[in-house]
Amino acid sequence: EPYILRADHKLPPLKPIVKRHDALICSEGNISAVVGEAKSKKTFLCTAIVGSMLEMAGSRQFGIEKRLCRVLWVDTEQSREHIQKVLFRINLMGKIRYNIHNKRILTLTLREESPQNRFEQMRYAIDYHHPKLVVIDGISDLMNNTNCLEESEALVSKLLQISTIYQCHIMCVLHT
């Protein structure tokens, strides 16, 4: 019974986290994927979305509606220096000085950790900080074997659970 949904059920409206004009891009309780080949600007797209959300001036960048909220950026593969440049870009797109700490962004650099530890650190940060948007740059680095269907399905199931429990959106960056 709890899994049955009918057309006459009264559900609350979707709560947008990222919206462009009238198009809903990210909503609470869901996951999405930014997929592309290496060096196809997947990270840049994510920084543009996050920077537009956090923009301090009144205008819309890239047509994205501003929703000031906490963002957790999880990077699993880049050096700390590279990730700091990503933060600089987010700040610049948000129209604040590039080297100022933005209290709305929490960044985890998990390159040196094992896949299991990366996931546990991310889960702890979500539980402690309650972000509305989680960007995982390098989702496949949360698994030991990216070619294992069972491991991939288990990871997606965990992400679906987390997004539902914490009513956040999880945006995954996936390299083809």
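Residues numbered from 1 in each chain as written. Predicted model: local features only at pLDDT ≥ 70, side-chain atom pairs only at ≥ 80, totals over all residues. Heavy atoms only, no water.

By the definition in use, this model includes two aromatic pairs. Ring centres 4.8 Å apart and planes at 90° place the aromatic pair Phe88 and Tyr98 in the edge-to-face group. Taken together, the residues Phe88 in helix H2 (residues 80-93) and Tyr98 in the loop between H2 and strand E5 (105-109) connect sequence positions 10 residues apart. Overall, the relative accessible area of 40% leaves Tyr98 in the partly exposed class. Measuring from ring centre to ring centre gives 5.9 Å for Tyr124 and Tyr128, while their planes differ by 15°; the resulting arrangement is stacked. Here Tyr124 and its partner Tyr128 are both found in helix H3 (residues 115-129), four residues apart, which amounts to about one turn of the helix. For Tyr124, a relative accessible area of 52% corresponds to the exposed category. Overall, the relative accessible area of 56% leaves Tyr128 in the exposed class. (Phe/Tyr/Trp six-rings, centres within 6.5 Å; stacked < 30°, edge-to-face > 60°. Helix = DSSP H or I, 4+ residues; strand = E, 2+ residues; numbered from the N terminus. Buried < 20%, exposed > 50% of the residue type's maximum accessible area, 1.4 Å probe, protein only.)

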